[in-house]
Amino acid sequence: MDTATPAVTVALHDGDSVVAETGQVDARRHGELLLPAVDRVLAEAGVKLDSVTGLVVGVGPGPYTGLRVGLVTAATFGSALSVPVHGLCTLDALAYAAGRDGLEGPFAVATDARRKEVYWARYEDHRTREGEPGVDRPADIAGRLAGLPVVGAGALLYPEAFPDARGPEHVSAGALAALAAERLAAGAALLPPQPLYLRRPDAQVPKNYKVVTPK
Amino acid sequence: MADEPLVLGIETSCDETGVGIVRGTTLLADAVASSVDTHARFGGVVPEIASRAHLESMVPTIERALKDAGISARDLDGIAVTAGPGLAGALLVGVSAAKAYAYALNKPLYGVNHLASHICVDQLEHGPLPEPTMALLVSGGHSSLLLAPDITNDVRPLGATIDDAAGEAFDKIARVLDLGFPGGPVIDRLAREGDPKAIAFPRGLSGSRDPAYDFSFSGLKTSVARWIEAKRAAGEDVPVRDVAASFQEAVVDVLTRKAVRACKDEGVDHLMIGGGVAANSRLRALAEERCERAGIRLRVPRPGLCTDNGAMVAALGAEMVARNRPVSDLDLSADSSLPVTETHVPGTNGHGHSHGHDHVHEVSKDNLYS
Ligand SMILES: [Zn+2]
């Protein structure tokens, strides 16, 4: 599952291929949409959650509130079912999907980080990221990515900075699960299921943060 | 009794990650991880810091509660969670965890109201709530007088603060006196050595034409700050203990007076006091004194159950199970401004399917995105 971007996406993978996948794009309702999506995927595949042997969740980078929905859901499933929970960079899943669609490296991936910035990373090929993901203004990285195709909603949002913007626009849990299955089968380590925030929290104390009384 | 409902409750509405487990009205576990220290230097709770801490603490706190209670999650009769009110991003971590837990274990889910939980927690200390119960809830986030004929589905607001919450006033005065955050415990401590009659600070909304059950602490706060600033401007020492005692007296005088009056007016012979400010020793003492004089039984849980915790959510959840209240759906959302009258958030069909309500008001807040 992945909730690091506006896409709330869930897939079931049996080790060879994606058995079922569902998702919705809605930046404001991750919390409401995720569990029903899990339920749909399992129902479509005709299995119960307790037959799942492992979980992989997109760790972002992504806007925090939505990102946390997937992470805490995966962690809680893992605890309740006593199965391992793995993390995978959301940008890696997008890169992997782009590669399976035929895009050859090098290229870059960019998602919307809000505040007129993008989360981004460069890839040698669809399985190989160069360095850690960053968060920057499109104009500030346009030069470094000049001439490269850039995949994802963050690229499509800023065509002046990324003239060769491509799809897929959104991350798919099917690609995330397939990449995780591939890496696990190869004995490679995945990430811990912890968020890539890339920004420090805004330290603003709101006024009257919890005034809740009906007048 | 073994057939009383066994319920796990999750609370993440502010800066405490709380997971409690109760059987009926018996407390089995109360695990709390607090991020209060990380907020201290900002002088208040920073929502994003709180949300990050909730994510880190959620699963370890659930596991610790189960271990403390010595039960298996398979034996639970339900999962309860604070659906609101509170900080939107913080609530969402707990609601997501509760839904995942309920789904994975195939247990009924109850999204419940934070304020009703503050009242219901007293069942763990003093047994079943009398019906109706009068409740005074005072904390950094709320100051309300509530009449609760049935804690699971009938809670009526009689009055509330029209500006600052009582606990907020303590924090602000502590800031003016350079005493750090949170302000409640340190002011309580200093006030014990001060004279509560030294300075006559104003009692907000206490005139005969003022609303009988509403509170106002903003004018008091300004008045105390002005008094301190005048002393400083005159080059005199600020008598911190007397200021603390006199300020605290002004707050608890109004709180207890109005609460006792509400009991008399409504013919209720019990007063419950909850929320973090209920840990204040002077509030407890004065409430005790005035209730006794008025023939009212006072019920105040121990301080650890007054502040935000998971046990209070579990307590209300257990009552929901016991009274057969409808469960919440899988698309339960966090509602940062859930009205106190909505004691819980029942699903539309009980099967976890989507329904057509518009919950955008909850998620369209500024802190959705970093
Ligand atoms: Zn509270």
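As shown above, the structure is provided for reference.
Quick caveat, the model's predicted, so the values are computed rather than measured.

Asks: Can you help me understand the sheet that holds strand β9 (residues 165–166) of chain A in this one?
Replies: Within a sheet, each strand pairs with its neighbour through backbone hydrogen bonds, oriented either parallel or antiparallel. Residue and element names in this part refer to chain A. Here five strands make up an open sheet; going across it, the order is β7-β6-β5-β8-β9 and the pairing mixed. Each having just a single partner strand, β7 (128–136) and β9 make up the two edges of the open sheet. Relative to β7, strand β6 (residues 118–125) runs antiparallel, the two being bridged by six bridges. What sits directly across from Y123, in β7, is R129. Along the sheet, helix α3 (residues 90–100) makes contact with β5 (107–112), β6, β7 and β8 (150–151), crossing β5 at roughly 130 degrees.

Asks: In this structure, what is going on with the coordination of the zinc ion? I would like to understand it.
Replies: Residues and elements named next belong to chain B. Only H114 (NE2), H118 (NE2), H142 (NE2) and D308 (OD) from the protein coordinate the zinc ion, and they sit 2.1 to 2.6 Å from it. Mapped onto the sequence, the residues coordinating the zinc ion show the spacing H-x3-H-x23-H-x165-D. With H142 in the loop between β6 (133–138) and β7 (143–150) and D308 in the loop between α11 (303–306) and α12 (310–322), this pair connects stretches of sequence that are 166 residues apart. Like H142, the residue D308 is buried in the burial classification.

Asks: Sorry if this is basic, but what is going on with the sheet that holds strand β3 (residues 26–34) of chain B here?
Replies: All names here are of chain B. Across the sheet, five strands lie side by side as β3-β2-β1-β4-β5; this open sheet has mixed pairing. Of all the strands in the sheet, just β3 and β5 (109–113) have a single pairing partner and so form its edges. Direction aside, the axes of adjacent strands within the sheet are offset by 20 degrees on average. Sheet topology note: the strand β2 (residues 16–23)/β3 ladder contains eight bridges and is antiparallel. Its bridge partner lying in β3, I21 is registered against A29. This element, helix α3 (residues 88–105), spans β1 (6–11), β4 (78–84) and β5 of the sheet and lies at about 160 degrees to β4.

The rules we used
- Residues numbered from 1 in each chain as written.
- Chains lettered and ligands numbered in written order.
- Predicted model: local features only at pLDDT ≥ 70, side-chain atom pairs only at ≥ 80, totals over all residues.
- Heavy atoms only, no water.
- Pairing = 2+ DSSP bridges.
- Helix = DSSP H or I, 4+ residues; strand = E, 2+ residues; numbered from the N terminus.
- Contact = heavy atoms within 4.5 Å.
- Axes fitted to C-alpha atoms, helices over the stretch in contact; angles between N-to-C directions.
- Donors = N, O, S within 2.8 Å, 3.2 Å for Na, K, Ca; no water.
- Buried < 20%, exposed > 50% of the residue type's maximum accessible area, 1.4 Å probe, protein only.

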